[in-house]
Amino acid sequence: MDGIHDCGGMHGFGEIEREENEPYFHAEWERRIFAITSVMSFVTLTGDDQYRREMERMEPGHYLRSSYYEKWLDATISIATEVGLTTEDELAGGPIGPMPEALTGNPPAIASEVWQNIHAGASKAIPDSGVPQCFQTGERIRTRAQMGHEHTRLPRYARNKVGTIERAWGTFVFADTNAAENRQVPVHVYSVAFEATDLWGEEASDGDSVVLDLFEPYLLPLDG
Amino acid sequence: MSDRGHDHSHDEEERGIALRVKALERVLIAKGAVNADALDQFVDAYETKIGPRNGAMVVARAWTDPAYQKRLLEDGVAAIGEFGFSGIEGDHLRVIENTDETHNVVVCTLCSCYPWPVLGLPPVWYKSPPYRSRIVREPRAVLAEFGVELPESKNIRVWDSTADLRYMILPQRPDGTEDLEEEALADLVTRDGMIGTALV
């Protein structure tokens, strides 16, 4: 999706503003939505691909104006609504209905297990998928020119560019189909290096480079 | 609009957001989808326990133990796991070494991917469009703004975290620290040094 979130290489966003001794949270509500988003996923079984999809659907002006945790709030309400965990009426103080039937089998996180949950992580690696690996380390590839209108992890600035496979990581859940259809398709992930001059032309310095981790469906053989 | 007027509308907006978060929490607790103690525990973990001190301990170990450094660069997850650091936003950690030839810096241009188990939650600037848009395109200028002046002869490599890998930079050990123990070395290592936007 060619959204405002895909801002690598864009001009005009202004100065990078840094805060000395920045706290992790700037308000109590930021703490709460950070935790709600993380903890709710034990019941909804949604992951970062779904959250990113929702944030990318925000109206571009709102995306830029809103703070980081406001985006979490918007995405979390979208997902909670989608799976039937909340309604606008409930949020407005109306009577609260029961947990949706489809989610009752997913045990919610409990305090005594939070550290176990953190350490367990949420890997989307699919080892031993048996999916053949199409590209090898050292091979040159061209990235696709377009990835359609849904969620993708191929940024605009790295489309239709020639790069070199530096490392293959095995198969992972393909973000694009996971976000669009909740379908967990195993595809290979590669670290691909691009010369900065191939991405940005003469304004870049010779010898500088950018590395992206790319799903195999984004890549084409150079002679293809 | 005056500054006062702006602040006033901002405050109102904040109040609205805070109320909406409260409303969502109330609904989810009533349905049994989240419980309040788990929320508190989650906040406590990321506000008081998981932060850049973790990464600094890893770096200090790598500076003092060449065998550890080798393991760290080859398999970040396993080597970092030796400290007990693992999990969310760090299932596939990769550590990249700064050298005399190349300076490395990390970004997520598409959102805010960041190696939580070793650096904790990211600062606002890392997640903001100005950093995300500029660091991939003009890294030398951005690094200079951060106070990192690199010689023209040194290459810069930017790591854009676009899939499942999360990156931490292993800074070069500063001169004159040969006599320091691991603990004292860890005190020298900054969060930005491990993002690549500072030298140590």
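Residues numbered from 1 in each chain as written. Chains lettered and ligands numbered in written order. Predicted model: local features only at pLDDT ≥ 70, side-chain atom pairs only at ≥ 80, totals over all residues.

When you look at the overall build of chain B in this model, what are you seeing that I'm missing?
The helix and strand inventory of chain B stands at eleven helices and four strands. With the C-alpha coordinates of chain B rotated into their principal frame, the extents come out at 55 × 45 × 30 Å. In chain B, buried positions account for 48% of the 200 residues. For chain B, the proportion of contacts with a sequence separation of at least 24, taken over those separated by at least 6, is 71%. (Helix = DSSP H or I, 4+ residues; strand = E, 2+ residues; numbered from the N terminus. Buried ≥ 20, exposed ≤ 12 C-beta atoms within 10 Å, placed from the backbone. Contact = placed C-beta atoms within 7 Å.)

Whenever I open this one, the interface of chain B and chain A confuses me. Can you help?
Each side of the interface is counted separately: chain B has 62 residues, and chain A has 74 residues. Breaking the side of chain B that touches chain A down by element, the ones donating at least two residues are α1 (3-30), α2 (36-49), α7 (124-127), α8 (129-134), α9 (139-145) and β3 (155-160) of chain B. Considering each element in turn, the side of chain B that touches chain A owes the most residues, eleven residues, to α1 of chain B. For the side of chain B that touches chain A, the per-class residue count stands at 34 nonpolar, 13 polar and 15 charged. (Nonpolar A, V, L, I, M, F, W, Y, C, P; charged D, E, K, R; others polar.)

Is there a simple way to think about the packing of helix α1 (residues 28-44) of chain A against helix α4 (residues 68-82) of chain A in this case?
Angle between the axes and distance between the axes are the two parameters that describe a pair of packed helices. All names here are of chain A. Taken N-terminus to C-terminus, the directions of α1 and α4 make an angle of 30°; their axes are 10 Å apart at the nearest point. One finds that α1 runs roughly parallel with respect to α4. Every pair of crossing elements has a handedness; the one defined by α1 and α4 is left-handed. For the pair α1 and α4, the contacting residues are E30, I33, F34, I36, T37, M40 and T44 in the first and Y69, W72, L73, T76, I79 and A80 in the second. (Axes fitted to C-alpha atoms, helices over the stretch in contact; angles between N-to-C directions. Parallel < 35°, antiparallel > 145°, perpendicular 65-115°, else oblique. Left-handed = near helix turned anticlockwise from the far one by under 90°.)

Please explain the pairing of strand β4 (residues 166-170) of chain B as it appears in this structure.
Successive residues of a regular strand alternate their side chains across the two faces of the sheet. Residues and elements named next belong to chain B. With five of five residues buried, β4 lies mostly within the body of the structure. The two faces of β4 match: R166, M168 and L170 on one face and Y167 and I169 on the other face are all buried. Of the strand pairs in this sheet, strand β1 (residues 93-97) and β4 are connected by five bridges, and their pairing is parallel. From the neighbouring strand, R94 faces β4, where its bridge partner is Y167. (Pairing = 2+ DSSP bridges.)

So what exactly am I meant to see when it comes to unusual backbone geometry here?
The bulk of non-glycine residues show a negative phi, and the bulk of peptide bonds are trans. Residues and elements named next belong to chain A. Unlike most non-glycine residues, L45 shows phi in positive territory, near 60°. Relative to the helices and strands, L45 resides in the loop between α1 and α2 (48-56). With phi around 55°, D128 is a residue other than glycine that occupies positive phi space. On the secondary structure map, D128 appears in the loop between α6 (114-120) and β1 (140-143). Residue classification places D128 among the exposed positions, given that 8 C-beta atoms sit within 10 Å.

Would you take a moment to explain the nonpolar core for this structure?
Taken as a class, soluble globular proteins show a tendency for nonpolar side chains to be buried jointly. Among the nonpolar cores identified, the biggest contains 105 residues, and I36, V39 and L214 of chain A together with V59 of chain B are the most heavily contacted of them. Per-element tally for this core: the top contributor is α1 of chain A, with eight residues. The residues contacting I36 of chain A, other than those within four sequence positions of it, are T76 of chain A together with L24, E25, L28, V34 and L39 of chain B. (Core = buried A, V, L, I, M, F, W, Y, C linked by C-beta atoms within 7 Å.)

Could you clarify how one ought to interpret the domain arrangement of chain A in this entry?
Frequently, the measure chosen for interface size is the accessible area removed from exposure when the parts meet. All names here are of chain A. Once the domains are mapped, chain A shows domain 1 (28-120) and domain 2 (140-221). Facing the five residues of domain 1 at the interface are four residues of domain 2. Tallied by class, residues from the side of domain 1 that touches domain 2 come to no nonpolar, one polar and four charged. (Domains from an automatic or database assignment.)

When you look at the domain arrangement of chain B in this model, what are you seeing that I'm missing?
Entries for chain B in the domain assignment read domain 1 (3-48) and domain 2 (51-195). Each of domain 1 of chain B and domain 2 of chain B has a C-alpha centre, and the two are 31 Å apart.

Explain the sheet that holds strand β2 (residues 102-107) of chain B here, please?
Pairing between sheet strands relies on hydrogen bonds along the backbone, with the strands arranged either parallel or antiparallel. The seven strands lie next to each other as β5(A)-β1(A)-β2(A)-β3(A)-β4(A)-β3(B)-β2(B), forming an open sheet whose pairing is mixed. The open sheet has two free edges, formed respectively by β5 (219-221) of chain A together with β2 of chain B, since each of these has just one partner strand. On average, each strand axis in the sheet is inclined to that of its neighbour by 35°, with strand direction left out of account. Here strand β2 (residues 162-173) of chain A runs beside strand β3 (residues 186-195) of chain A; their pairing, made up of seven bridges, is antiparallel. From the neighbouring strand, T164 of chain A faces β3 of chain A, where its bridge partner is A193 of chain A.

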